[in-house]
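Survey of secondary and tertiary structure
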Amino acid sequence: DQEQFQRVKAKAGGKPTQTYHGLYASHPRNDQRLRTVVREAGQLDQETFIEDPSSPGEFRRRLEGLVWGESVQGEQAENRYYHTKLDFTFEHPPGWKVNAGSSTIIATALDGSADMTLSLKGRKPEDTPKSVLESNAGGELRDGEKLEQAGLIGYTAVSSKDGESHRLAVIQYKNLFYLFDGKASDFPATDAELLALVESFRPIHPRERRAANPRRIEYIQVPRGATLSSLAASMRIPDAEAQLRLINGFYPRGEPRTGDWIKIIR
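Each value, and the rule that gives it
- Residues numbered from 1 in each chain as written.
- Predicted model: local features only at pLDDT ≥ 70, side-chain atom pairs only at ≥ 80, totals over all residues.
- Heavy atoms only, no water.
- Pairing = 2+ DSSP bridges.
- Helix = DSSP H or I, 4+ residues; strand = E, 2+ residues; numbered from the N terminus.
- Axes fitted to C-alpha atoms, helices over the stretch in contact; angles between N-to-C directions.
- Contact = heavy atoms within 4.5 Å.
- Buried < 20%, exposed > 50% of the residue type's maximum accessible area, 1.4 Å probe, protein only.
- Polar contact = N/O pair within 3.5 Å; in protein donor to acceptor, adjacent residues only side chain to side chain.
- Core = buried A, V, L, I, M, F, W, Y, C linked by side-chain atoms within 4.5 Å.

1. So, the sheet that holds strand S10 (residues 202-203)
Strand order in this open sheet of 3 strands is S1-S2-S10, and the pairing throughout is antiparallel. Two strands lie at the open edges of the sheet, namely strand S1 (80-83) and S10, each paired on one side alone. Relative to S10, strand S2 (residues 88-91) runs antiparallel, the two being bridged by 2 bridges. The residue bridging Phe88 from the neighbouring strand is Pro203, located in S10.

Structure below.
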């Protein structure tokens with residue numbers, strides 16, 4: 001079925017149809033595989049087994065939730081936080097936890113000895129990262145320097161007030177300013193980690209974005225009146241109906257019955 005679909009797709013796109021010739025192939029032809037399967041199946045015990053249709057079988061249990069399409073494994077780093085809506089990511093020290101609220105994002109060390117708060121501010125044409133940092137800082141500023149990372153510009157400095165130091169930074173990204181405020185019980189020993197977190201801020205790569213929201217196989221029962229065409233309309237993937245037919249054994253035609261369990265992609 002997959003080979004037939006590829007031939008139809010190639011013809012529709014005006015591309016030459018690829019044919020299997022076996023030269024240098026690492027896998028046997030499909031007809032050879034089929035003969036092997038039939039031969040091996042013929043040697044199995046001929047006991048009749050009927051699954052209880054009211055409970056999922058082993059095959060369905062293993063497929064439920066399986067990632068569909070390109071693998072997402074390894075596309076996202078373990079110590080990175082990803083905000084897919086605003087399209088940014090930053091790396092935090094190992095073992096830190098990140099909590100996202102409605103107005104701030106706070107990364108905190110497990111022992112509570114340090115944290116970094118990230119907030120947003122609307123960007124005005126006359127504003128610069130340095131002017132925003134200076135207007136929002138509380139205390140005396142020192143060690144100020146410009147930031148240039150991943151095509152973004154920013155400014156960072158250390159503020160001191162009442163004997164407490166904070167690592168501050170402002171990064172300009174699209175129409176927003178991202179304000180960082182980091183503090184630690186032992187600031188001199190931890191400031192390098194706080195600054196590294198700031199300097200790791202960047203836009204999300206397309207592959208990381210896909211990994212954040214992978215499509216997965218899910219089983220549903222066919223609703224009354226539904227067709228594979230109507231079910232495929234909600235699957236935002238290329239050739240949705242053809243893919244739905246392929247994974248359910250209905251390619252190129254045919255329809256499941258109302259109440260049948262079928263696989264969809266979400």
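2. A short note on the sheet that holds strand S5 (residues 114-122)
The 7 strands lie next to each other as S3-S4-S5-S9-S8-S7-S6, forming an open sheet whose pairing is antiparallel. In this open sheet, the two strands that pair with only one neighbour each are strand S3 (97-100) and strand S6 (140-149). For this sheet the average axis-to-axis angle between neighbouring strands, irrespective of direction, equals 15 degrees. One ladder, built from 5 bridges, connects strand S4 (residues 104-108) with S5; its direction is antiparallel. Across the sheet, residue Ile105 finds its bridge partner in S5, namely Leu118. Contacting S5, S6, strand S7 (152-161), strand S8 (164-173) and strand S9 (176-184), helix H4 (residues 129-136) runs over the sheet at an angle of about 20 degrees to S7. Here helix H5 (residues 187-199) sits on the sheet in contact with S4, S5, S6, S7, S8 and S9, set at roughly 5 degrees to S8.

3. What about the side chain of Ser165?
Mapped onto the fold, Ser165 is located in strand S8. Note on Ser165: relative accessible area 17%, which makes it buried. Reaching out from Ser165, the side chain makes a polar contact with the side chain of Ser160 at a distance of 3.4 Å. Among all residues touching Ser165, those that are not within four sequence positions of it are Arg142, Val158, Ser159, Ser160, Gly182, Lys183 and Phe187.

4. A closer look at unusual backbone geometry
Following Tyr251, the chain continues to Pro252 via a peptide bond in cis, the omega torsion being 5 degrees. Relative to the helices and strands, Pro252 is located in the loop between helix H8 (240-248) and strand S12 (261-265). Residues other than glycine seldom take positive phi values, yet Asp87 does so here, at roughly 65 degrees. With respect to the secondary-structure elements, Asp87 resides in the loop between S1 and S2. Of note in this structure, Asp162 is not a glycine but carries a positive phi near 55 degrees. Here Asp162 shows up in the loop between S7 and S8.

5. Some points on the nonpolar core
Within the largest apolar cluster, 25 residues are counted, with the highest numbers of intra-cluster contacts made by Phe88, Phe90, Tyr178, Phe180 and Phe201. When contributions to this core are tallied by element, the ones reaching two or more residues are S2, S4, S5, S7, S8, S9 and H5. Setting aside residues up to four positions removed in sequence, Phe90 forms contacts with Asn79, Arg80, Tyr81, Val98, Ile105, Ala107, Leu118, Leu197, Ser200 and Phe201. The next biggest cluster of nonpolar side chains, apart from the first, holds 13 residues, and it includes Leu228, Met235, Ile262 and Ile265.

6. Here's the deal with the pairing of S8
Looking down a regular strand, the side chains alternate between one sheet face and the other. Of all 10 residues in S8, 9 are buried, a share of seventy percent or more. Relative to S8, S7 runs antiparallel, the two being bridged by 9 bridges. Looking at S8, one finds that Ala157 is bridged to Leu168. Both S8 and S9 contribute to a ladder of 7 bridges, which runs antiparallel. Residue pairing in the sheet places Ala169 in a bridge with Phe180 of S9. Hairpin geometry of S8 and S9 is characterised by an intervening segment of 2 residues between the two adjacent antiparallel strands and by a positive phi of about 55 degrees at Lys174.

7. Brief notes about the side chain of Ser200
Turning to its location among the elements, Ser200 is positioned in the loop between H5 and S10. Polar side-chain contacts of Ser200 include one of 2.7 Å to the backbone oxygen of Leu197. Not counting residues within four places of it along the chain, the set of residues in contact with Ser200 comprises Arg80, Thr89, Phe90, Glu91 and Gln149.

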